[in-house]
Amino acid sequence: MLNIAVLVSGGGTNLQALLDCQARGEIRGVKIACVISCRPYSYALTRARGAGVPTETLVRKSFPDAAAYEDAMLAVLERYTVDLIVLAGFMTIIGEGIIRRYENKIINIHPSLIPSFCGAGFYGLHVHEAALERGVKVTGATVHFVNEVCDGGPIILQKPVLVEDGDTPETLQRRVMEQAEWEILPKAVSLFCEGRLIVDGHHVKIL
Ligand code: GRF
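Cut-offs and rules
- Residues numbered from 1 in each chain as written.
- Predicted model: local features only at pLDDT ≥ 70, side-chain atom pairs only at ≥ 80, totals over all residues.
- Heavy atoms only, no water.
- Near = heavy atom within 4 Å.
- Areas by Shrake-Rupley, 256 points an atom, 1.4 Å probe, with all protein chains shown as cover.
- 1 Å grid on protein atoms, 1.4 Å probe; cavity = no way out; pocket = protein on both sides within 12 Å on 5 of 7 lines; lining within 4 Å.
- Sits in = over half its atoms within 2 Å of the grid points.
- Helix = DSSP H or I, 4+ residues; strand = E, 2+ residues; numbered from the N terminus.
- Nonpolar A, V, L, I, M, F, W, Y, C, P; charged D, E, K, R; others polar.
- Domains from an automatic or database assignment.
- Axes fitted to C-alpha atoms, helices over the stretch in contact; angles between N-to-C directions.
- Parallel < 35°, antiparallel > 145°, perpendicular 65-115°, else oblique.
- Left-handed = near helix turned anticlockwise from the far one by under 90°.
- Contact = heavy atoms within 4.5 Å.
- Buried < 20%, exposed > 50% of the residue type's maximum accessible area, 1.4 Å probe, protein only.
- Phe/Tyr/Trp six-rings, centres within 6.5 Å; stacked < 30°, edge-to-face > 60°.
- Lys NZ or Arg CZ within 6 Å of the ring centre and 35° of its normal.
- Points joined across faces, edges and corners; volume = space filled by probe spheres on them.

Asks: Give a description of the site of the ligand that names residues and reports values.
Replies: Surveying the vicinity of the ligand reveals the residues Gly10, Gly11, Gly12, Thr13, Asn14, Gly89, Ile109, His110, Pro111, Met177 and Glu181. When the ligand sits alone it has 360 Å² of accessible area, and the protein chains cover 86% of it. Here the ligand occupies the largest pocket. Mapped by element, the contributors of at least two residues to the shell around the ligand are helix H1 (13–23), strand E5 (106–110) and helix H6 (169–193). Looking at side-chain class alone, the shell around the ligand contains 3 nonpolar, 7 polar and 1 charged residues. Counting residues domain by domain, the shell around the ligand receives three or more from each of domain 1 (1–102) and domain 2 (108–207).

Asks: Any chance you could break down the packing of H1 against helix H2 (residues 43–50) for me, citing the residues and the numbers?
Replies: The packing of two helices is summarised by the inter-axis angle and the distance between the axes. Relative orientation of the contacting elements H1 and H2 amounts to 15 degrees, with a least axis distance of 9 Å. Judged on the interaxial angle alone, H2 and H1 are roughly parallel. Considering the relative orientation of H1 and H2, their crossing is right-handed. Contact residues: Thr13, Leu15, Gln16 and Leu19 in H1; Ala44, Arg47 and Ala48 in H2.

Asks: Quick rundown of the environment of Ile99? Include the residues and the values.
Replies: For Ile99, the location among the structural elements is in helix H4 (residues 96–101). When its relative accessible area of 10% is taken as the criterion, Ile99 is described as buried. Residues Ile99 and Asn147, 48 residues apart in the sequence, show an inter-C-alpha distance of 6.3 Å. Leaving out residues up to four positions away in the same chain, Ile99 has contacts with Ile94, Ile106, Val146, Asn147 and Glu148.

Asks: Residue-level account of the packing of H1 against H6, with values.
Replies: Their axes nearest at 9 Å, the elements H1 and H6 cross at an angle of 55 degrees. Taken together, H1 and H6 sit at an angle that is classed as oblique. The two elements H1 and H6 meet at a crossing, and its hand is right-handed. Along its contact with H1, which presents Thr13, Asn14, Ala17, Leu18 and Cys21, the element H6 presents Met177, Glu181, Trp182, Leu185, Pro186 and Val189. Looking at side-chain class alone, the contact of H1 with H6 contains 8 nonpolar, 2 polar and 1 charged residues.

Asks: Summarise the packing of aromatic side chains; cite the residues concerned and give the values.
Replies: Two numbers describe a pair of aromatic rings. These are the distance of the centres and the angle of the planes. Scanning all chains against the criterion turns up 3 aromatic pairs. Aromatic pair Phe63 and Tyr69: ring centres 5.4 Å apart, planes at 80 degrees, arrangement edge-to-face. On the accessibility criterion, Tyr69 (4% relative accessible area) is buried. In this arrangement the basic side chain of Arg101 is found over the ring face of Tyr102, its NZ or CZ atom lying 4.5 Å from the centre.

Asks: Pulling in residues and values, what's your account of the layout of surface pockets?
Replies: Sizing a probe to match a water molecule and rolling it over the atoms shows the empty space that remains. What the largest pocket holds in volume is close to 990 Å³. What lines the largest pocket is a set of 39 residues, and nearest its centre among them are Gly89, Phe90, Met91, Asn108 and Tyr123. Every element with two or more residues in the lining of the largest pocket is listed here: H1, H4, E5 and H6. For the lining of the largest pocket, the class distribution of residues is 17 nonpolar, 17 polar and 5 charged. Viewed by domain, the lining of the largest pocket spans two of them, domain 1 (1–102) and domain 2 (108–207), each represented by three or more residues. A volume near 200 Å³ is recorded for the second largest pocket. Glu96, Ile99, Arg100, Glu103, Asn104, Val146, Asn147, Glu148, Pro154, Gly201 and His202 are the residues that line the second largest pocket.

This is how it looks when you write it as structure tokens:
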């Protein structure tokens, strides 16, 4: 049984997708062992509690520096003997110590087709605003392993979503979630837990 920590800060719809897949038995051999929020009042925490999953809150500004924050995070991850960290809208930078300790064991969902509209400053609605501003016809979502480069780790899965006339950042965000994120994040978690992801440099081979 692999233990997963899901790190959140917002609405928690991706967490919900994982919880639903787990409840339907679509992700086997896995337990969502804890949900960690970097905000004290995220709705994701309510979703976790509703599903009976233990929650932790780690707010960066409650710690004197990044090293102390990282130590606290590592302590929580060790307490739940976490095998895989899933970043699902977590808004605080993951320290390099954690990235090294969990090499190729941290995955992130990003709401665009990387390498478009990613990196520093591309989060939340900003991603979709930039896609609409640029006039792309296709956007989508990416699940990737996390390394020390922001949104730069090896890509696991991507799914395209068409931009429609009249889209606003909000409608596009919702459609990218519905048509891509909620599908490919659980799928990537499932592949990881089945031991079917082989990382070779920038490439992820799916067995
Ligand atoms: C998602 O759009 C995800 O791609 C991004 O943060 C958002 C989290 O949304 N990394 P939710 O909290 O899962 O609803």
